[in-house]
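# Structural description and commentary
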Amino acid sequence: MSSATHTSLAGRLNTLTIDAGVEAGRAVLVLRGDLIHGCADTLAQALARLPDGTGRVDLDMTGVAFMDTTGLRFLEVLDTYGRRRRVRVTATGWNDQPRRVLEMAGLDPDDPLHGPGTHREPVPSAVVLERAEQLDALRTEVEQLRQAIVTRPVIDQARGVLMATHACSSDQAWNVLREASQLSNTKLRKVAAVVTAGAGGAGPLPSPELRRALRTAIDRCLN
């Protein structure tokens, strides 16, 4: 049996799927995709489908490539299930970006439900403040990743325009966009949108400052 949830980013993140198998009272749930909005509900649905008499639930997280802070709510759902049913629950096999999220949240990425940092004893206020600051930084990083996912197509298009126009490499085109962004104090995606729109003869003309920045960036990076 399996469950799934979809992202609101028009398929740019991966659908979360949960495949469950039960043998001798032990359920193994294999996850693939991303822990984003809706993932906790998907897990709750998968857990609700487990047969009576299930005495242990193990989640294999090796197939999870991305998670935002809603992934922490995902763990709460799993932990609550284990406590209410009085069964052993685990979520192991975290890799890459999800592992970093757990570390920044102060959890043990090898065993976030039972490792160091998961006890229910009072936590000193200084630690609480530090973790709050870490989570704020994490939220900023996640939002930047989301923005990168959304804006990547227009940036790739702008690189293609520069490569075709100036017979340069992909890395050189990227350097032009980045340099123009820094010189004009303009967000990279806006610079890319201007370059792409200019190639098609559509859209408003860039500001004089941005035009100068683009010319300077082309001179510096391509000559």
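Residues numbered from 1 in each chain as written. Predicted model: local features only at pLDDT ≥ 70, side-chain atom pairs only at ≥ 80, totals over all residues. Heavy atoms only, no water.

## Some details on the packing of helix H5 (residues 170-184) against helix H7 (residues 208-222)
Contact geometry of H5 with H7 gives a least axis separation of 8 Å together with a crossing angle of 140°. With respect to H7, the element H5 is oriented oblique. Crossing of H5 against H7: the hand is right-handed. On H7, the residues touching Gln172, Asn175, Val176, Glu179, Ala180, Leu183 and Ser184 of H5 are Glu209, Leu210, Ala213, Leu214, Thr216, Ala217, Ile218, Arg220, Cys221 and Leu222. Looking at the contact of H5 with H7, its residues break down into ten nonpolar, four polar and three charged. (Axes fitted to C-alpha atoms, helices over the stretch in contact; angles between N-to-C directions. Helix = DSSP H or I, 4+ residues; strand = E, 2+ residues; numbered from the N terminus. Parallel < 35°, antiparallel > 145°, perpendicular 65-115°, else oblique. Left-handed = near helix turned anticlockwise from the far one by under 90°. Contact = heavy atoms within 4.5 Å. Nonpolar A, V, L, I, M, F, W, Y, C, P; charged D, E, K, R; others polar.)

## With respect to the pattern of salt bridges
Enumeration over the complete set of coordinates arrives at seven salt bridges. A salt bridge links Glu76 to Arg73; the shortest N-O distance between them is 3.4 Å. Of this pair, Glu76 and Arg73 both sit in helix H2 (residues 70-85), three residues apart, which is roughly one turn of that helix. Looking at Glu76, the relative accessible area reads 45%, which means it is partly exposed. (Salt bridge = Lys/Arg side-chain N within 4 Å of Asp/Glu carboxyl O. Buried < 20%, exposed > 50% of the residue type's maximum accessible area, 1.4 Å probe, protein only.)

## Considerations on the nonpolar core
Ranked by size, the top nonpolar core spans 33 residues in total, and within it Leu29, Leu31, Leu35 and Leu59 carry the most contacts. The dominant element in this core, judged by the number of residues it contributes, is H2, at six residues. Each residue touching Leu31, except ones within four places of it in the same chain, is listed here: Leu16, Thr17, Ile18, Leu59, Asp60, Met61, Gly63, Val64 and Phe74. Of all hydrophobic cores here, the second largest spans 18 residues; its members include Cys168, Ala173, Leu188 and Ala213. (Core = buried A, V, L, I, M, F, W, Y, C linked by side-chain atoms within 4.5 Å.)

Shape descriptors only; they carry no functional weight alone.
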